[in-house]
Amino acid sequence: MAAKTPKTKMYKWEGKNRQGAPMSGVMSGQDAALVKAHLRKQGINPTKVRRKGIELFSAGKKIKPMDIAIFTRQMSTMMKAGVPLLQSFEIISEGLDNPNMRKLVDTIKNDVAGGNSFAASLRKHPQHFDDLYCNLVESGEQSGALETLLDRVATYKEKTEALKAKIKKAMNYPIAVVVVAVIVTAILLIKVVPQFQEVFANFGAELPAFTLFVIGISEYVQSSGWVIVLGLIAAGFIFRYAHRKSEKFRDNLDRLLLKSPVIGNIIYQSSVARFGRTLATTFAAGVPLVDALDSVAGATGNVVFKNAVMKIKSDVSSGMQLNFSMRSTGVFPSMVLQMTSIGEESGALDDMLEKVALHYETEVDNAVDGLTALMEPIIMSVLGVLVGGLIIAMYLPIFQLGAVV
């Protein structure tokens, strides 16, 4: 049984060089004594070495998928430069600001140092490294081309996370519009309308129907506003719970989003892009097509495409050509079918799928930019109608009074 590798920690140090000039910095080491010894070898006389504390706001910082993408790119760069695997872990760990990510990298390094393979160490953390990631790393280790596979995985992760960010941007923008409109309207109904209502009470005349309608809404919001707020919070919790626990609910939501205007087209194009990117990456890494389709099904991000890919896997397993099986699903656009057919005929399927992914990633980027530009005047229009309507409703009795006078 391999001996357990001591964990490294981060230390802040202060000292003086041979000329007596003060110096300071941060260094990793197993303990303070070893850090001091290393500093003395560098000609620095350490005066203070202490364990680096965990920053308040970074202590609970979660590990995001983009952190994994950056880690993969750094590992690829280190391996290409000829840096040994364990030393690559140490160098990357020292440069990480997120303590949780640093702990993850150190844990993987200790596992590898203890005799496990890189892929086996990654499989112990499925919440951060999925089967596709681990399988590609394992293929790289077995073929002796780990740096090449890490480069492909890094590119895949970067492109995938960039695509996810664009989708979130497209979906968050309309939500932001609704939230802003609700907040502004609520402030006007709760704070502004009651002030006018007190003035109108002294008029002694019948108010216009539109004004009475707005006053009625204001009174309802003031008396039952907490019910509305609690209802919205409860609806949010129910939605989140159902989305997490019910596969049927998630599947129906995926189908609904795919059919929704504007957003549906962006989600469709992003799913096609993910299909092309994932299949190109796995196929180029030497993963058999049938096995690669398993990873592709989970990476498309939509149940409609997932079911289509599983059908394609069944057809390909029975000897059908990939492009013909894709055509029979009725899900993929003609350009993708043609590019796949050309790739199969020419023996350059991974290159053709790469081009498909690049094309649809660009389409998603353009669609999101277009949606953002479209939403800006819509925001102004919605807010203008709400705020303007409330103001008109409040001033309408005053205008009518002036006309009578």
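This text follows the structure it describes.
Keep in mind the model is a prediction, meaning the values are calculated, not measured.

So, how was this worked out
Residues numbered from 1 in each chain as written. Predicted model: local features only at pLDDT ≥ 70, side-chain atom pairs only at ≥ 80, totals over all residues. Heavy atoms only, no water. Helix = DSSP H or I, 4+ residues; strand = E, 2+ residues; numbered from the N terminus. Rg over C-alpha atoms; globule rule 2.2 N^0.38 Å. Buried < 20%, exposed > 50% of the residue type's maximum accessible area, 1.4 Å probe, protein only. Contact = heavy atoms within 4.5 Å. Areas by Shrake-Rupley, 256 points an atom, 1.4 Å probe, with all protein chains shown as cover. Lys, Arg positive; Asp, Glu negative; His and termini not counted. Charge placed at Lys NZ, Arg CZ, Asp CG, Glu CD. Phe/Tyr/Trp six-rings, centres within 6.5 Å; stacked < 30°, edge-to-face > 60°. Axes fitted to C-alpha atoms, helices over the stretch in contact; angles between N-to-C directions. Parallel < 35°, antiparallel > 145°, perpendicular 65-115°, else oblique. Left-handed = near helix turned anticlockwise from the far one by under 90°. Nonpolar A, V, L, I, M, F, W, Y, C, P; charged D, E, K, R; others polar. Patch = residues over 30% accessible without salt bridge, like charges linked within 9 Å, V, L, I, M, F, W, Y side chains within 5 Å. Salt bridge = Lys/Arg side-chain N within 4 Å of Asp/Glu carboxyl O.

As for the overall build of the chain
Broken down by element type, the chain carries 15 helices and three strands. A compact globule built from 405 residues should have a C-alpha radius of gyration of about 22 Å, whereas the chain, at 30 Å, is more than 25% larger. The C-alpha extent of the chain, read off along each of the three principal axes, is 95 × 70 × 35 Å. For the chain, the residues scored as buried account for 39% of the 405 residues in total. The contacts in the chain between residues at least 6 apart in sequence include a share of 60% that link residues at least 24 apart. Carbon and sulfur atoms make up 60% of the accessible area of the chain, which totals about 22,600 Å². Positive and negative side-chain charges in the chain, numbering 45 and 36 respectively, have mean positions lying 9 Å apart.

Topic: the packing of aromatic side chains
Scanning the entire structure with this criterion turns up eight aromatic pairs. Their ring planes at 80° and their centres at 5.5 Å tell us that Phe-239 and Phe-249 sit as a pair that is edge-to-face. Of this pair, Phe-239 sits in helix α8 (residues 209-245) while Phe-249 sits in helix α9 (residues 247-259), placing them ten residues apart in sequence.

Quick notes on the packing of helix α3 (residues 85-94) against helix α4 (residues 99-113)
Between α3 and α4, the shortest axis-to-axis distance is 9 Å and the interhelical angle comes to 165°. Regarding the angle of α3 to α4, the classification is roughly antiparallel. Once α3 is placed against α4, the crossing between them reads as left-handed. Along the contact surface, α3 presents Leu-85, Leu-86, Phe-89, Glu-90 and Ser-93, while α4 presents Arg-102, Val-105, Asp-106, Ile-108, Lys-109, Val-112 and Ala-113. Classifying every residue of the contact of α3 with α4 gives seven nonpolar, one polar and four charged.

Digging into the environment of Gln-30
Along the chain, the position of Gln-30 falls in the loop between β2 (22-29) and α1 (32-41). Remark: the alpha-carbon pair of Gln-30 and Ser-334, spanning 304 residues in sequence, is separated by 59 Å.

Quick notes on a nonpolar patch on the surface
A contiguous nonpolar patch, built from Trp-226, Val-227, Val-229, Leu-230, Ile-233 and Phe-237 and spanning about 630 Å² of accessible area, is present on the exposed surface. Inspection of the secondary structure puts Trp-226 in helix α8.

Regarding the side chain of Ser-325
Considering the arrangement of structural elements, one finds Ser-325 in helix α13 (residues 322-329). Ser-325 sits in the buried class, given a relative accessible area of 0%.

Some thoughts on the packing of helix α12 (residues 303-317) against α13
Packing of α12 against α13 leaves a shortest axis separation of 9 Å and a crossing angle of 140°. Classified by the angle between their axes, α12 and α13 sit oblique to one another. Considering only the axes of α12 and α13, their crossing is right-handed. Across the interface between the two elements, Ala-308, Lys-311, Ile-312, Asp-315 and Val-316 from α12 touch Leu-322, Ser-325, Met-326, Ser-328 and Thr-329 from α13.

A word on the pattern of salt bridges
Tallied over the full model, the rule gives twelve salt bridges. With its nearest N and O atoms 2.9 Å apart, the salt bridge here joins Glu-158 to Arg-73. Here Glu-158 is found in helix α7 (residues 146-200), whereas its partner Arg-73 is found in helix α2 (residues 65-80), with 85 residues between them in sequence. The exposure class assigned to Arg-73 is partly exposed, which follows from its relative accessible area of 24%. The residue Lys-124 makes a salt bridge to Asp-111 at a minimum N-O spacing of 3.7 Å. Separated by 13 residues along the polypeptide, Lys-124 in the loop between α5 (118-123) and α6 (131-143) and Asp-111 in helix α4 bring together distant segments of the chain. Given a relative accessible area of 48%, Lys-124 falls into the partly exposed group. Here the salt bridges do not stand alone but share partners, grouping Arg-73, Lys-80, Asp-151 and Glu-158 into one network.

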